[in-house]
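Architecture and fold: a report
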Amino acid sequence: MNYHDFEEACLDPLYPSLGERVRLRVYTGAKEGVLVYEEGGELRRKPLSPFPGGLEATLPLPESPFRYVFFLKGASPTGEHGEEAWVYLGSHGLERTLPRYDRFFHLLAHPLPPTWALGAVFYQIFPDRFRKGKTPPPRTGAWLYEGRPIVQKAWDEPPDPKTGSREFYGGDLYGILEALPHLKDLGVEAVYLTPIFQSPSVHRYDTQNYLAVDPHLGGMEAFLALREGLREAGIRLVLDGVFNHTGNLHPDFQEALLDPESPKRGMFTFYPDGGYASFFGVRTLPKVDYASPLAKERIILGENAPVRYWMRHADGWRLDVAHQIGEGGTNRNNEGLLRLIAHTAKAENPEAFVFGELSFDTVPTLRAHTLDGSMHYAGFAHPVMEWLSGRNIHGEEVRVGAEEAWQTLFDHYAALPLNLRHSMYTLIGSHDIPRPLWRLKGEVRRLEVAFGLLFAFPGSPGIYYGDEIGLSQANPYEDWRGDPYCRGTFPWEKARWNLGLLAWVRRLSALKRSEPALRQGGLLPLKAPEGVLAFRRRYGHEEVWVYASPSPYVLNLPPGVDLLSGQPVQGRLEAEGLLLFKPEKKLY
């Protein structure tokens, strides 16, 4: 076996600074090797020294990202004539020829994710739909949105696509405060709120005032009360930062729109025909042009710019459509701007966790040392749910087997910088995609498998409100869509909860928090019967073996413990669903 991943046994220190000496260890049967690394555009070589269990090298960290591979003699089966062959060990495994840089290990220097976020259990809330507190909901017709009256809905009414952005159910921040016992029982360590700033729509992605909490959510008074309640409960608070675009009612945009001579005109991209750049052409969401120094000052850098201001009150940002933020109506200079936002937030709050909505391949952006992580759609949510549901995010039929799902999971994981592998926001549901139980046609057993993988895979698992009690969607399966149906209200009558599912999620959450291998461990492949998605988590001297399948399967196991039941197991085992097995034998 050859092993190198993000844990103290392989990397010391885990959070290096540029120029700091770093020890890199590879656990291997090879007795001789060389560290091959890039510095200043050149590939350099440093001999590896033996230690009990493998080989190591120590050197000052020259760059960020720092790219390297191990060149090992005898790490793979012998050559054609029985001699020990030299092979490269990179991020994706052994290769006989020098891999592309894309398959080197990547290591970042400071600034890095705060330690509290690594493997932390998150809970995402869409405030209007979670729980009513003491703030009266706006009445039907109280104002117009896109020329049509807003609508007050009864709590149990399903969302309507015809009025989705104009529907208000009355959930507020006081309601979240009242629900803290539920979150604590679930083992939640951080709450991520979709936008809470003043806006004319219910989704609030069209910000009107970045410095005001929406009065229909309880205003600043409710926010401060919630913040204090979360702190007392030991739960962090992450806000949704919508900095790619403002709302069309934002005063800066209104001034720019009405006065072509205004200095704020340059904060947005206007076209000769009078139009302007916006999010997917939506007129209520004008895109910010960060080529403008004034835009940077007012949104990112200024004393009361929102990026800075709210980090005096909260613990991080989730950046909406982070991959679109840029200049000139495009995503030009995206990486530089993401880096600026993250550095500015951390300058205000060194413990801030700044991750992005990177909906596609996250690797190029994250390797550029930009953010602390991202929502793990492409590298986790999509392959897992495609395997279990047989449909992709668009509702198209796909045929993804367990082995194909594993290959996708591992490919994305291995490509990530080592320091970010445990700060990816893994998920199976969100406010933008169909709810997992609905995608699985109500098959709770399959949802249990999805939740099992969510908590067993490396990263920070994010529970979307209500998924833990079996909340689904009102639309028929043939009408494939998420928003607005995935934003239904949380039913607080416990008679409507799937208590078995809730107990399952609580157990998984407890194991994520108590088992070091599940929270901090590296990732390795694991042989399993056909149709079973399996992998190993390794940390220090211990491993946890993960097996997952909605169908029955048979295993032959060494002595160990079934972590879900707490019972010892050995030999032939008939299983179904998820098995978390902890072998009794130590690794070394």
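Preceding this section is the structure that the text describes.
Residues numbered from 1 in each chain as written. Predicted model: local features only at pLDDT ≥ 70, side-chain atom pairs only at ≥ 80, totals over all residues. Heavy atoms only, no water.

1. What to know about the pattern of salt bridges
- Taken as a whole and judged by the stated rule, the model has 41 salt bridges.
- A salt bridge links Arg421 to Asp5, with the shortest nitrogen-to-oxygen separation between them at 2.8 Å. Here Arg421 is found in the loop between helix H10 (402–415) and strand S23 (425–427), whereas its partner Asp5 is found in the segment before strand S1 (11–12), with 416 residues between them in sequence. Comparing Arg421 with Asp5 shows no difference in burial state: the two are buried.
- As a salt-bridge pair, Arg496 and Asp156 come within 3.2 Å of each other at their nearest N and O atoms. Separated by 340 residues along the polypeptide, Arg496 in the loop between strand S24 (460–464) and helix H13 (499–514) and Asp156 in the loop between strand S14 (151–152) and strand S15 (167–168) bring together distant segments of the chain. (Salt bridge = Lys/Arg side-chain N within 4 Å of Asp/Glu carboxyl O. Helix = DSSP H or I, 4+ residues; strand = E, 2+ residues; numbered from the N terminus. Buried < 20%, exposed > 50% of the residue type's maximum accessible area, 1.4 Å probe, protein only.)

2. Considering the packing of aromatic side chains
- Applying the stated criterion across every chain yields a total of 49 aromatic pairs.
- Here Trp438 and Trp480 contribute two aromatic rings whose centre-to-centre distance is 5.0 Å and whose plane-to-plane angle is 55°, an arrangement assigned as tilted. A residue pair is termed long-range when its members are at least 10 positions apart, and Trp438 in helix H11 (residues 436–439) and Trp480 in the loop between S24 and H13 qualify at 42 residues. Trp480 matches Trp438 in its accessibility class, with the two residues each being buried.
- Centroid distance Tyr464 to Tyr465: 4.7 Å. Interplanar angle 70°. Geometry classified as edge-to-face.
- Accessibility expressed as a relative area gives 1% for Tyr464, which makes it buried.
- These aromatic residues form a ring-pair network of at least three members: Tyr123, Phe130, Tyr464, Tyr465, Phe490, Trp492 and Trp497. (Phe/Tyr/Trp six-rings, centres within 6.5 Å; stacked < 30°, edge-to-face > 60°.)

3. Focus: the nonpolar core
- In this structure, Tyr123, Leu173, Leu193, Leu239, Trp317, Phe451 and Leu580 are the most contacted members of the largest nonpolar core, which totals 118 residues.
- Once you skip the residues sitting within four places of it in the chain, Leu193 turns out to touch Ile125, Leu173, Ile176, Leu226, Leu237, Val238, Leu239 and Asp240.
- If you look at the next biggest cluster of nonpolar residues, it comprises 26 residues, including Leu11, Leu55, Val87 and Leu118. (Core = buried A, V, L, I, M, F, W, Y, C linked by side-chain atoms within 4.5 Å. Contact = heavy atoms within 4.5 Å.)

4. Focus: the packing of helix H9 (residues 377–389) against H10
- Interhelical geometry of H9 versus H10 gives an angle of 175° and a closest axis separation of 9 Å. Comparing their axes, H10 and H9 come out roughly antiparallel. Between H9, through Ala378, Gly379, Phe380, Pro383, Val384 and Trp387, and H10, the contact on the second element is made entirely by Ala402, Ala405, Thr408, Leu409 and His412.
- Residues belonging to the contact of H9 with H10 are distributed by class as follows: 8 nonpolar, 3 polar and no charged. (Axes fitted to C-alpha atoms, helices over the stretch in contact; angles between N-to-C directions. Parallel < 35°, antiparallel > 145°, perpendicular 65-115°, else oblique. Nonpolar A, V, L, I, M, F, W, Y, C, P; charged D, E, K, R; others polar.)

5. Digging into helix H3 (residues 219–233)
- Its 15 residues give H3 an end-to-end C-alpha distance of 21 Å, which sits within 8% of 21 Å, the value for a rise of 1.5 Å per residue.
- Structurally, H3 contributes buried residues whose contacts are with helix H1 (173–178), helix H2 (180–185), strand S16 (190–193), strand S18 (209–213) and strand S19 (236–241).
- Looking at the residues trailing H3, positive phi occurs at Gly234, about 75°. (Expected span 1.5 Å × (residues − 1).)

Without other data, these values stay purely geometric and don't point to any function.
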